[in-house]
Amino acid sequence: MKKITIAIDGFSSTGKSTVAKQLAKHLGYVYVDTGAMYRAVAYYAMQKGLINERDFKVEELISQLSNIDIAFKFNEALGFAEVYLNGVNIEKEIRTLEVSNFVSTVASVSQVRKKLVEQQQKLGENKGVVMDGRDIGTVVFPNAELKLFMTASAEKRAQRRYDELVEKGDAVDYEAVLKNVQDRDHLDTTRDDSPLVMADDAIEFDNSDLSREEQFEKILGLVGDKL
Ligand code: DC
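What counts, and where the lines are drawn
- Residues numbered from 1 in each chain as written.
- Predicted model: local features only at pLDDT ≥ 70, side-chain atom pairs only at ≥ 80, totals over all residues.
- Heavy atoms only, no water.
- Near = heavy atom within 4 Å.
- Polar contact = N/O pair within 3.5 Å; in protein donor to acceptor, adjacent residues only side chain to side chain.
- Areas by Shrake-Rupley, 256 points an atom, 1.4 Å probe, with all protein chains shown as cover.
- Helix = DSSP H or I, 4+ residues; strand = E, 2+ residues; numbered from the N terminus.
- Axes fitted to C-alpha atoms, helices over the stretch in contact; angles between N-to-C directions.
- Parallel < 35°, antiparallel > 145°, perpendicular 65-115°, else oblique.
- Left-handed = near helix turned anticlockwise from the far one by under 90°.
- Contact = heavy atoms within 4.5 Å.
- Nonpolar A, V, L, I, M, F, W, Y, C, P; charged D, E, K, R; others polar.
- Pairing = 2+ DSSP bridges.
- Core = buried A, V, L, I, M, F, W, Y, C linked by side-chain atoms within 4.5 Å.
- Buried < 20%, exposed > 50% of the residue type's maximum accessible area, 1.4 Å probe, protein only.
- Phe/Tyr/Trp six-rings, centres within 6.5 Å; stacked < 30°, edge-to-face > 60°.

S.K.: For the site of the ligand, give the residues involved together with the corresponding values.
M.R.: The local shell around the ligand holds 15 residues, among which Arg39, Arg113, Asp135, Arg184 and Arg191 are the closest. One of the side-chain nitrogen or oxygen atoms of Asp135 is found 2.8 Å away from a nitrogen atom of the ligand. One of the side-chain N or O atoms of Asp188 is found 3.1 Å from an oxygen atom in the ligand. With the chains in place, 95% of the 450 Å² that the ligand exposes on its own is no longer accessible. Here the element with the most residues in the shell around the ligand is helix 2 (residues 34-47); it accounts for 4 residues.

S.K.: Tell me what's going on with the packing of helix 1 (residues 16-27) against helix 9 (residues 212-226), and back it up with residues and numbers.
M.R.: Packing of helix 1 against helix 9 brings their axes to within 10 Å, and their N-to-C directions diverge by 55°. Comparing their axes, helix 9 and helix 1 come out oblique. When you trace helix 1 past helix 9, the crossing you get is right-handed. Along the contact surface, helix 1 presents Thr18, Val19, Gln22, Leu23, His26 and Leu27, while helix 9 presents Arg212, Gln215, Phe216, Ile219, Leu220 and Val223. Among the residues making up the contact of helix 1 with helix 9, the classes are represented as 7 nonpolar, 4 polar and 1 charged.

S.K.: Help me get a handle on the sheet that holds strand 5 (residues 88-89), residues and values and all.
M.R.: Overall, antiparallel pairing links the 3 strands, which are arranged 3-4-5 in an open sheet. The open sheet has two edge strands, strand 3 (70-75) and strand 5, and neither has a second partner. In this structure, strand 4 (residues 80-85) lies alongside strand 5, joined through 2 bridges in antiparallel fashion. Looking at the pairing, Leu85 lines up with Val88 of strand 5.

S.K.: Go over the nonpolar core with me, naming the residues and quoting the values.
M.R.: Among the nonpolar cores identified, the biggest contains 37 residues, and Val41, Leu61, Ile68, Ile70 and Val112 are the most heavily contacted of them. Elements supplying a minimum of two residues to this core: helix 2, strand 4, helix 4 (97-107), helix 5 (110-123), strand 6 (129-133) and helix 6 (136-140). Residue contributions to this core peak at 10 residues, all from helix 2. In this structure, Ile8, Val130, Phe205 and Ile219 belong to the second largest nonpolar core, which totals 18 residues.

S.K.: Before we move on, can you summarise the sheet that holds strand 6 with the specific residues and values?
M.R.: Spatial strand order, 2-6-1-7-8: 5 strands in an open sheet with parallel pairing. Single-partner strands in this sheet number two, and they are strand 2 (30-33) and strand 8 (203-206). Strand after strand, the sheet turns through a mean of 20° between neighbouring axes, direction not considered. Alignment of strand 1 (residues 5-10) against strand 6, held across 5 bridges, turns out to be parallel.

S.K.: Let's hear about the environment of Val41: which residues, and what values?
M.R.: If you trace the backbone, Val41 turns up in helix 2. Assessed through its relative accessible area of 1%, Val41 is described here as buried. C-alpha of Val41 to C-alpha of Phe205: the two residues are 164 residues apart in sequence and 29 Å apart in space.

S.K.: Talk me through the packing of aromatic side chains; I want residue IDs and the actual numbers.
M.R.: Per the counting criterion, the structure on display carries 2 aromatic pairs. Taken together, a centroid distance of 6.2 Å and an interplanar angle of 80° make the contact between Phe11 and Phe149 edge-to-face. Separated by 138 residues along the polypeptide, Phe11 in the loop between strand 1 and helix 1 and Phe149 in strand 7 (residues 146-151) bring together distant segments of the chain. By relative accessible area, Phe149 is classed as buried at 6%.

Listed below in structure tokens is the structure:
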């Protein structure tokens, strides 16, 4: 069967990665979580003391970009690829609220985007890929055969994120999670380089009132149309 490229963009915590993983598994495609790549760079910057609440040493981060190696390794038990920074598995470390609070700032740096977009285009050059992010259908793969743009209300998204963090044992406050979601929406849609916008040929998908199963069934139908 012919292989296609599936680009899934949208706001944070709209369930992009859940559906992307389901699709990749079902189709036997490679799944690439591009948000994890930006999170890895943010985590690197935090580790090296290049970013905190008061200060962002952007030039130093840019000069160190060649030292940052990001890779994905498939984890059989989990059924998806985990992200590695310079050989170390950082899948857990990048999902904290602290990393979420810095990642949009790091992702607004053009040199960071250029490096990661090049790597993403390589990862998807043979098609048969499901990639989720903010600029996949607009910048990374403007010719993707299927482009989805996921939306849901900020409150719904914050509740989902809050539930996930609590389940992992993180002591977080719902209002702080909602504020993070709203701040990231603002930063991601207003940055100069590759802001989050829906591609003209993307299909908008509001999943505020859909269960995971309903969402997956509907999206599978869209994939079927393209194949
Ligand atoms: O999908 P996520 O929440 O893990 O993404 C983390 C941040 O990375 C998000 O706030 C914006 C940024 N990002 C981006 O700018 N471009 C992408 N393709 C993916 C993520």
